[in-house]
Amino acid sequence: MTQTQTKGLSLTSSVVVVNALGMKPEGAAATSEGICAMCALHIGVGDLQAPTPFGQNFTDDLSLAARGSPCVCGYCATLSTVDGLRASGFGVFSKSGVLPFRKWQDIANALLNPPEPPFVMTYATANSQHMGWRAPVSESRNSFMVRVGLRDLLVRREMLERAVDACELLGNLPGVRPKAVNPARRTLPNPFVSMSSDLKEPSHGRLHPGLFSDEARNEWTDTHEGALALLRRLSLGESWALRFVLTPGAGAN
Ligand SMILES: [Zn+2]
């Protein structure tokens, strides 16, 4: 069975992103039905589409939603242009437009208060990175996905909010609390060795060894145990989100 014998999807990230940006689909009117190779959008007769712009050696082939299809939708065609790539690298895209998602305060705000779904969140970690067409579409404000570089990360809002309190409790323990706080960083207390905004630091989210020192253990209670258990249950997306939520005063990355 070929891809064109089945129906494609009716809503994809490319549609959400392009519409939010106020951009237009590009290409030529389709003369037969098809499915977008990149996002799997259904292409009806008359819809704008274009031939797949990549060959057999396309490095992102595994990301294609309908591999083998000979065409892409007009929305993916738009997102593949220089302007489309630039506009879709960082943002929260929804029917209400685009929320900024680059300055740390903006990222913290959007993660704690996402727009009405469906929405798409993208955070590029390299120049001209293809983000929009392969980002997941989120359907809930309480449990949603963010595309960070080449990863799709889960954020559960309640876990994120509870993690802030857990971080404060554990981050203020003797042996963990920094002796001198650099006022320029203004990061709220936390028990991590480091937090990485682009997840390129291998020590991202690693627990501070002081947490297991005698100094800290002398003040240890069941509440601390619960806080630590919570932090160990965080998804990578939630520990990534803490980077921004715990440092609301920081400027652009
Ligand atoms: Zn598409």
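Note that the structure is predicted; figures quoted are calculated from it, not measured.

Another point: the domain arrangement of the protein. Parsing the protein into structural domains produces domain 1 (3-81), domain 2 (85-157) and domain 3 (158-245). For domain 1 versus domain 2, the separation of C-alpha centres amounts to 20 Å. Between domain 1 and domain 2, the contact holds 19 residues from the first and 16 residues from the second. Together domain 1 and domain 2 conceal approximately 1400 Å² of surface at their shared face, both sides included; 71% is due to carbon and sulfur atoms. Connecting domain 1 to domain 2 are 1 salt bridge. Taken together, the connections running from domain 1 to domain 2 amount to 7 residue pairs in polar contact (both at pLDDT 80 or more). Those elements that place two or more of their residues in the side of domain 1 that touches domain 2 are α1 (13-21) and α2 (74-79).

Let us look at the side chain of Ser88. Among the structural elements, Ser88 can be located in the loop between α3 (82-87) and β6 (90-94). Accessibility expressed as a relative area gives 1% for Ser88, which makes it buried. Side-chain polar atoms of Ser88 contact the backbone oxygen of Gly84, separated by 2.7 Å.

Inspection of the secondary structure assignment puts Leu211 in the loop between α5 (157-171) and α6 (214-217). Its relative accessible area of 0% is what places Leu211 among the buried residues. Along the chain, Leu211 and Arg102 lie 109 residues apart, while their C-alpha atoms are 32 Å from each other. Aside from chain neighbours lying at most four places away, what touches Leu211 is Leu170, Leu173, Val176, Pro191, Ala216, Arg217, Trp220 and Leu228.

Scoring rules and cut-offs
Residues numbered from 1 in each chain as written. Predicted model: local features only at pLDDT ≥ 70, side-chain atom pairs only at ≥ 80, totals over all residues. Heavy atoms only, no water. Domains from an automatic or database assignment. Contact = heavy atoms within 4.5 Å. Buried area = accessible area lost by both parts, 1.4 Å probe. Salt bridge = Lys/Arg side-chain N within 4 Å of Asp/Glu carboxyl O. Polar contact = N/O pair within 3.5 Å; in protein donor to acceptor, adjacent residues only side chain to side chain. Helix = DSSP H or I, 4+ residues; strand = E, 2+ residues; numbered from the N terminus. Buried < 20%, exposed > 50% of the residue type's maximum accessible area, 1.4 Å probe, protein only.

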